[in-house]
Structure formats: structure tokens, C-alpha cells
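Summary of structural features
Chain by chain, the residues:
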Amino acid sequence: MDFMDEDMDEEDTMEDSDSDYEPILNWSLFHDRDSGIRGSAATRRSYILLVLQNLVGSGLIEYEGNELARKLPKIQGKQTTDSLMQNDFYRSVLAATGGNNNPQRPWNVAQMLNQRQNLSPWTSAQKCRVNNLYVPKIKERVAMKCDSKVFCGSFTPNGKYFVTACQDGEISVYDATTCAYRRVNTLMGRDVEWSILDMDFSPDGQEFVYATRSCCLHVGNLLGRSAEITCIPFDEFSVHKFASYSVQFASGGHEIVAGCSDGAVSVFDREKSTWTERAFEDNMEVNAVRLLEDNSHIVCAGSDDGAIRIYDRRSMATKSRGSMGMFVGHLDGVTSIDVKNDGRYFITNSKDQTIKLWDVRVTSKESQIQEFAAGKREAYRDWDYRWNTVPQSYYKVNELAGDTSVMSYRGHRVFKSLIRAKFSPARTTGQRYIYTGCGTGYLVMYDVLTGEMVQAIRGHSNIVRDVAWHPSRSEILTSSWDHNVNLYSYKAEGWKREAKTGVTLRRSLRIANRNRRLRSESS
């Protein structure tokens, strides 16, 4: 693909082992001869490796990994679109983006312009068809520089503000009504351990709630003060270093849904000031929660076992077990969920290096769950995404028995953190694309109808954890661990040419020639 760096063609060769720590281990073994650690070199090696992994896992130290992790992977095999093309999703997105399957009626821009000239307004699908010619493709600039790793960066629902949350607990609010992104407020989060892990906004775009490694959630006003941030404690928690990994406002901002490290999906009623619902699933960490659509009763929850469970809040009882449905297909933990907001489709990003599209009407049957579990045991890789090299088998396109997903998208890397993947805006693109952060520092975009990677733009020197597409402008902001937030747009290339020449580019040669003639006459 011509838009990617040359180093993409180099295939990773490192195996899954403690070789990720090889330089540190060798240095430690050389210097620990007089440290009092007895036993063979292998014993000392195992001891040091265990200490290193615990330190990285606790967040006390960070390991940047090997240089191969800076390259996009080489995918072996080709993803088929047979299941996708037979699903209603394909037809709905095709219709929303002005496409058709009739080769006898090709798309004609001149005809569209003629219709508009005759006072026939463009449909939303036609507007999306034109907008999709100008999706972001170039890093325009570093929009924001922060003092620590940026974990979260997203727009409020109305697109008025862009908000970042960093590892040091700083929450910055920027005016997003223009592409200047002027900072309008800064708050310091309370009780932040390790980092702010997730953030969401009320429907009116005035309040925020964030999740962290703490026994509390925290709510505040975007234009308020740090001292006004309020704490919502969990009633009970039973795991060491309790954390909430994902959070979302519900019921028009009157409730909050959270996914927790003790395997619970919890609902807090703000008017009653109490946790009204709390459902558990086998003490498996819940990394992501998302309402199936705005103000829906259906909650999607992605766990560290790779399964996605569906809960109906109308039947959730306190401390009850049992979801109303389950989806299997990921070989590893889910890192994020995003919904199409139509009550049917959602996507999940995973540590198995895939993004999968799901149809909520097609839950996994018990036989499929058992079949997938058997195949998953055979494909299991003993690795930790925080420090080990990704298993090469994850980059092979295989048909997994029992997988009920509609489509899989491959080509990016997921490691070190819960990297986000999202649908592009419905208003401007018809949700034609999936865009995601990447462990390599790339912004990656996929065409949802073909599965092909249409953009891969490197702009960061560390992982891109969060991505945000402006709801009405062709702009994407990426939040990275290199302390920067980058702005990507379509028009940056044109601006660079204008800056070099000092002359504004003209679409009409006639106008440009007229202006040159007028300048020569005046001189």
C-alpha cells in the first residue's frame, strides 16, 4: 500500500518470550553477581524477570519495548467479505454513503451539481458521498502539547469542546468550534492512581465523568473548578487495586454505567445517589462498556477473556449473574467498544489484534461457545500485551470455529494499553470507516465494506491510545503516550503548497489568468 512506510514490509521475527526484556535482563545478570541472589544464572534470570513484570504491571516502571513494535504488521492471508455482504449492515452503509450496486448507473458529480442548481437539495447520502472524498489523510500539526501521557481525548456530543485526560490527572478543555482548538479550562482530577483510564460526557456537553484505578468514579463540570469534582464511591469491592476501566452516562445523564476490575457491570442512579444495578460475570475484568444506542436499556460489556456480553438493564438485579446474550470470536481481551447507534451493530477492538463487527441479533449459541472455547485453548498464547511481543499467529487470517462476528479488520497493533477503535461520524461519512489508534504510533482507517486499510498515517513516537473524529468537520485528533495530540485533515497538503509558493491555489484557470493580467497592468 503506497500510503505506508517502507518498514511495513519487514516481517517481525521475534518469538514470544522474555526476549522483550533481553537488554535489561543481561544488564541485571551482569550486575547482580554480588547482590546476594543465589542459584544458577537461569534461576536469577527468572527471578529478575518476575520482578520486572510485576513492576511494569503495577505501573511503577514502564518498558518501551523493542523497535519492531514501531512497524505495522504484515497480515498473512486475506479476509473474506462473504458474511458482511449478506448482512443488512452492508446494504445500510452502502445506502447511507450514496453507493449502489448497479454498474449501469455510475456516480455522476456533474448530475448531482445540476440537480442542486435546479433547487433539488442533496440528500444526506449524497453529502456523505462527497465528504468521503475528503477524509483526513495527512498529519497537519501537533494541536496540543501535554506534560504527560495522554490517555483520553474526545469531543463532547455537540462537538463544542475537545477534552483530554492525561496520566498526571490533568483534564484540559479546548474550544472545538474552530480548528484552532484554544484551551478554555484546565482541571486536576481527584484520586487519580496510575492514570485517568476512560471519560464520558453528559448529553448536554456540560459534565464529565472519569474512571481510574480507584474505588470511586468522579464527576465534574467541564467549565468548573477542580475543587468541585465530586466522588461517587462504589458500595463494595473485593479485588486488590480495584479499578473502573470504562464509564458512560445513561438515561440522559441521570445514570452512569461502569465496567470494573471485579467483573461487574454497575449502574449508578444520580438522583437516588445509589448503585441500583450490579451484575457479575466470573470475576473477569470488564474493560469496556457501552449502551447499544442513546438511552438504550441494552449494555454491551467486553471482558478480558475476549467475550462480549449483553445485559438488559430492565432485568438486571443487584449482584445477579447472567447476561441475556454472549458473543465469542476474540482470542484475547477486548480493549474498547463502539456502537453504530442503530440498536443493532457494534465493533470491538481486541488484544488479539483484530477489530470485529457484531450483529446484536446474532448471539452465540451454546454449541458455538463450546466449539470456540475448544479452539481457543489450542490457539492460546501465554503472553502479556503490556510487555511481550505479539504472537505471530495473531496476524494470520484464520476461520475460527464458533466465531459469530460479521467481519474482522486487521493491520494495526494493540499492546500496552486499552486502545480505542471507533466508527466514523454518521452525519458526514455515513459511518463508512472504522478508525483506530495503534501501538506503532499510526492513525489507522479501514473501509467497513471492504475490510481494506485505506489510511495509515504515522504521526506519533509512542502508542496512539485514543482517537476522535469531529462530528461535522473532516478532522481527526489522536491522543498519544508521546504527550502530544495531533490534528489530521485532508486539506493540510494544499496548505503546505500554498505556504511554499505564497499564492492561493485557484480552481479556475480563467480567474487565475485574469488576476495575473490585472497585476501586470497595475505595475
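Note that this is a predicted model, so its numbers are computed, not measured. (Residues numbered from 1 in each chain as written. Predicted model: local features only at pLDDT ≥ 70, side-chain atom pairs only at ≥ 80, totals over all residues. Heavy atoms only, no water.)

Looking now at the overall build of the chain. Of the regular secondary structure elements, the chain holds 10 helices and 29 strands. Excluding contacts between residues fewer than 6 apart, the proportion of contacts in the chain whose partners are at least 24 apart in sequence is 58%. As displayed, the chain offers around 24,500 Å² of accessible surface, 48% of which is attributable to carbon and sulfur atoms. (Helix = DSSP H or I, 4+ residues; strand = E, 2+ residues; numbered from the N terminus. Contact = heavy atoms within 4.5 Å. Areas by Shrake-Rupley, 256 points an atom, 1.4 Å probe, with all protein chains shown as cover.)

Before going further, it helps to examine the side chain of threonine 348. Positionally, threonine 348 belongs in strand β20 (residues 345-350). Here threonine 348 falls in the buried class, since its relative accessible area comes to 0%. Of note is the side chain of threonine 348, whose polar atom sits 2.9 Å from the side chain of tryptophan 358. Apart from residues lying up to four places away in sequence, threonine 348 is in contact with Ile308, His330, Val334, Ser336, Ile337, Thr354, Ile355, Lys356 and Trp358. (Buried < 20%, exposed > 50% of the residue type's maximum accessible area, 1.4 Å probe, protein only. Polar contact = N/O pair within 3.5 Å; in protein donor to acceptor, adjacent residues only side chain to side chain.)

This brings us to the sheet that holds strand β14 (residues 286-291). Paired through their backbone hydrogen bonds, the strands of a sheet run either parallel or antiparallel. In space, the four strands of this open sheet follow the order β14-β15-β16-β18, with antiparallel pairing throughout. Strand pairing shows two members of the sheet lacking a second neighbour, β14 and β18 (325-327), which therefore form its edges. Taken over all neighbouring pairs, the strand axes of this sheet differ in orientation by 20° on average, direction set aside. Here β14 runs beside strand β15 (residues 298-303); their pairing, made up of five bridges, is antiparallel. Paired with alanine 288 across the two strands is glycine 302, which belongs to β15. (Pairing = 2+ DSSP bridges. Axes fitted to C-alpha atoms, helices over the stretch in contact; angles between N-to-C directions.)

Glancing now at helix α6 (residues 124-131). Listed as buried for α6 are Ala125, Gln126, Cys128 and Val130. Here the buried face of α6 lies against α4 (88-96), α5 (109-117) and α8 (426-429).

So, on to the environment of proline 157. Positionally, proline 157 belongs in the loop between β2 (150-155) and β3 (161-166). Excluding its chain neighbours within four sequence positions, the residues that come into contact with proline 157 are Phe201, Ser202, Pro203 and Gly205.

Of all the seven residues making up strand β10 (residues 244-250), seven are buried; the element is thus mostly covered by neighbouring parts of the structure. Relative to strand β11 (residues 255-260), β10 is paired through six bridges, and the arrangement is antiparallel. What sits directly across from phenylalanine 249, in β11, is isoleucine 256. Turn length for the β10-β11 hairpin, with the two strands adjacent in sequence and antiparallel, is four residues, and the turn residue serine 251 shows positive phi of about 55°.

This prediction gives the chain a mean pLDDT of 84; 78% of its residues lie at or above 70. Considering only residues more than four positions removed or in separate chains, one finds that residues 4-19, a stretch of pLDDT under 50, has 32 contacts. (pLDDT = per-residue confidence, 0-100.)

Next up on the list: the packing of aromatic side chains. Scanning the model with the defined rule gives 19 aromatic pairs in all. Judged by centre distance (6.4 Å) and plane angle (75°), the rings of phenylalanine 162 and tyrosine 181 are edge-to-face. Taken as a pair, phenylalanine 162 in strand β3 and tyrosine 181 in the loop between β4 (170-175) and β5 (182-188) lie far apart in primary sequence, 19 residues in all. No difference in accessibility class separates phenylalanine 162 from tyrosine 181, as the two residues are buried. Sitting over the ring of tyrosine 385, lysine 351 keeps its end group 4.2 Å from the ring centre. (Phe/Tyr/Trp six-rings, centres within 6.5 Å; stacked < 30°, edge-to-face > 60°. Lys NZ or Arg CZ within 6 Å of the ring centre and 35° of its normal.)

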